[in-house]
Amino acid sequence: MTRTCAACGAANRIPIAHLADAGRCGRCKAPLPAGREPIDVTDAATFDRIVRQAKVPVLVDFWAAWCGPCRTVAPEVARAAADLAGRALVLKVDTERLPEVARRHRVQGIPNFVVLARGQVIDQRAGAMRHTDLVRLVDGARAA
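What counts and how
Residues numbered from 1 in each chain as written. Predicted model: local features only at pLDDT ≥ 70, side-chain atom pairs only at ≥ 80, totals over all residues. Heavy atoms only, no water. Disulfide = S-S within 2.5 Å. Buried < 20%, exposed > 50% of the residue type's maximum accessible area, 1.4 Å probe, protein only. Helix = DSSP H or I, 4+ residues; strand = E, 2+ residues; numbered from the N terminus. Contact = heavy atoms within 4.5 Å. Core = buried A, V, L, I, M, F, W, Y, C linked by side-chain atoms within 4.5 Å. Pairing = 2+ DSSP bridges. Axes fitted to C-alpha atoms, helices over the stretch in contact; angles between N-to-C directions.

Considerations on the state of the cysteines
Here comes step 1: Here the structure, examined in full by the defined rule, presents 1 disulfide.
Here comes step 2: Paired by a disulfide, Cys67 and Cys70 hold their sulfur atoms 2.5 Å apart. Across the S-S bond of Cys67 and Cys70 the torsion is about 75°, and the bridge reads as right-handed. As far as the burial class goes, Cys67 and Cys70 line up, both buried.
Here comes step 3: Free of any disulfide, Cys25 has its nearest cysteine sulfur in Cys8, 3.6 Å distant.
Here comes step 4: Exposure remark for Cys25: the relative accessible area of 1% places this residue in the buried category.
Here comes step 5: Here Cys28 is not cross-linked by a disulfide; its sulfur's nearest cysteine counterpart is in Cys5, at 3.7 Å.

Structure representation (structure tokens):
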């Protein structure tokens, strides 16, 4: 995983365990804020590593390109990721590309949101949601 420095444009490798952390650019030492965008997960191994190593709750958006409600809710997911920066990670999992991950989490309808903490499912909801509701879902996991 990499994060691009806004000051110098350098790509900085971020260990999975520190994806929610702020840091400093390896080249120019400028601050690197915590990620504010959803992370597109492209393989099951990466998904498993992130969920297992995350120090913060993980909100997973299970979606597909053909799904109209999924496309409609995408800006809400992006807003939730920005609101949760440093407090949680937001992952996007394409159910067409990673059907085994969707099956493992018993996703039967999309969009579907799963909150995990310490590798365990804390909450799961199907259907479109506003960013404020997604943030509340994650905050409930943080309190648990």
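And the narrative resumes.
Describing the environment of Val107
Here comes step 1: Tracing the backbone shows Val107 in the loop between α3 (99–104) and β8 (112–117).
Here comes step 2: The spacing of Val107 and Thr72 is 35 residues in sequence and 19 Å in space, taken between C-alpha atoms.
Here comes step 3: Ignoring anything within four residues of it in the chain, the contact list for Val107 reads Phe62, Ala102, Asn112 and Gln124.

Focus: the side chain of Thr46
Here comes step 1: Along the chain, the position of Thr46 falls in helix α1 (residues 44–53).
Here comes step 2: Note on Thr46: relative accessible area 11%, which makes it buried.
Here comes step 3: In contact with Thr46, not counting residues within four places along its chain, are Met1 and Val41.

Here we look at the nonpolar core
Here comes step 1: Counting residues in each nonpolar core, the largest one holds 29 residues, and the members touching the most others are Phe47, Val60, Phe62, Leu89, Leu91 and Val93.
Here comes step 2: Looking at this core, the elements with two or more residues in it are β5 (39–41), α1, β6 (58–63), β7 (89–94), α3 and β8.
Here comes step 3: Sorting elements by how many residues they give to this core places α1 first, with 4 residues.
Here comes step 4: With sequence-adjacent residues up to four places away left out, Val93 is seen in contact with Val41, Phe47, Val60, Asp61, Phe62, Trp63, Leu98 and Val101.

Here we look at the sheet that holds β7
Here comes step 1: Pairing is mixed across the open sheet formed by 5 strands, whose spatial order is β5-β7-β6-β8-β9. The two strands at the open ends of the sheet, each matched to only one other strand, are β5 and β9 (120–126). Shown here is a sheet whose adjacent strand axes are inclined to one another by a mean of 25°, direction ignored.
Here comes step 2: Strand direction decides the pairing type here: β8 and β9, joined by 6 bridges, are antiparallel. Note that in β9 the partner of Val115 across the bridge is Asp123.
Here comes step 3: Each of β6, β7 and β8 is contacted by helix α2 (residues 68–83), which is oriented at about 160° to β7, the strand it contacts most.

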